[in-house]
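Chain by chain, the residues:
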Amino acid sequence: MHLALKSAMSRIPYTNKVGETLSSIADPAAAYSLRALGGGDPMVARVRRSSDDAEKDFTASDLNGGALVGWVGSGNDGFITTWYDQSGNSNDATQSTAASQPKIVDAGVLVSDGIEFDGVDDFLDTSCSLSAPY
């Protein structure tokens, strides 16, 4: 799944369709994905390693090519501290509190659904107001 926010004013989340690119969405306020949405090999996430709390940025190809899993290491977990906005608006989604960071690597294995939120207290904050409409 890839999420684009059509505009900060309308605050309507938009999940793109298969094959749809970022350029086909008119002026998104933010766009999040673990793959490259606009071409090239963008930085997609900053990850914290559970074994020593070290953090590192990763590109889309780093995730697919195994660099993320290799860096996190066997038996360790990796957590998203920043999910980079690919719209060009710098509305990155962040979480500085370790206990509330969603997981991307579980016991040395990439999470199959991309990013795992625990359903209790894991969340990412954005730099713009993107709440649901009233």
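These lines cover the structure that appears in this document, whether it is placed above or below. Since we're looking at a predicted model, the values are computed, not measured. (Residues numbered from 1 in each chain as written. Predicted model: local features only at pLDDT ≥ 70, side-chain atom pairs only at ≥ 80, totals over all residues. Heavy atoms only, no water.)

Thoughts on the overall build of the protein chain
Quick note on the threshold: The helix count covers DSSP runs of H or I at least four residues long, the strand count covers runs of E at least two residues long, and both are numbered beginning at the N terminus. Only protein chains enter the calculation, and the probe is 1.4 Å; a residue is then buried if its accessible area is under 20% of its type maximum, exposed if over 50%, and partly exposed in between. Contact definition: two residues touch when any of their heavy atoms are within 4.5 Å. Residue exposure ignores everything except the shown protein chains as possible cover, and the areas themselves are Shrake-Rupley values with a 1.4 Å probe.
Across its full length, the protein chain carries 2 helices and 10 strands. Its helices and strands taken in sequence order, the protein chain reads β-β-β-β-β-α-α-β-β-β-β-β from the N to the C terminus. Burial statistics for the protein chain: of 134 residues in total, 43% are counted as buried. The contacts in the protein chain between residues at least 6 apart in sequence include a share of 55% that link residues at least 24 apart. When the accessible area of the protein chain is evaluated, it comes to approximately 7100 Å², of which 53% is carbon and sulfur surface.

Describing the pairing of strand β8 (residues 103-106)
Two faces, one strand: in a regular strand the side chains alternate between the faces of the sheet. Stated precisely, the cut-off is as follows: Two strands form a pair only when DSSP identifies at least two bridges running between them.
Note: strand β6 (residues 78-83) against β8, 2 bridges, orientation antiparallel. Within β8, the position partnered with Phe-79 by the bridge is Lys-103. Here 2 bridges tie β8 to strand β9 (residues 109-110), and the two strands are oriented antiparallel to one another. Note that in β9 the partner of Asp-106 across the bridge is Val-109. Connecting β8 to the next strand, β9, in antiparallel fashion are 2 residues, including Ala-107 with a positive phi near 50°.

A closer look at the nonpolar core
Test applied: Working definition of a nonpolar core: buried Ala, Val, Leu, Ile, Met, Phe, Trp, Tyr and Cys residues. They are joined through side-chain atoms within 4.5 Å.
With 19 residues, the main nonpolar core has Val-47, Leu-63, Leu-68, Ile-80, Trp-83 and Ile-104 as its most contacted residues. Sequence-distant contacts of Val-47, defined by excluding residues within four places in its chain, comprise Ala-54, Glu-55, Lys-56, Phe-58, Leu-68, Trp-71, Val-72, Gly-78, Phe-79, Ile-80, Thr-81 and Ile-104.

Comments concerning a negative patch on the surface
Defined as follows: Surface patches are drawn from residues lacking salt bridges whose relative accessible area is over 30%; two like charges belong together within 9 Å, two nonpolar side chains (Val, Leu, Ile, Met, Phe, Trp, Tyr) within 5 Å. For this analysis, a salt bridge means a side-chain nitrogen from Lys or Arg found within 4 Å of a carboxyl oxygen belonging to Asp or Glu. When charges are counted, Lys and Arg contribute as positive and Asp and Glu as negative, whereas His and the chain ends are disregarded. We put the charge of a Lys on NZ, of an Arg on CZ, of an Asp on CG and of a Glu on CD.
A cluster of acidic residues, Asp-113, Glu-116, Asp-118 and Asp-121, forms a negative patch at the surface. By relative accessible area, Glu-116 is classed as partly exposed at 36%.

Nothing here speaks to function; it is geometry throughout.
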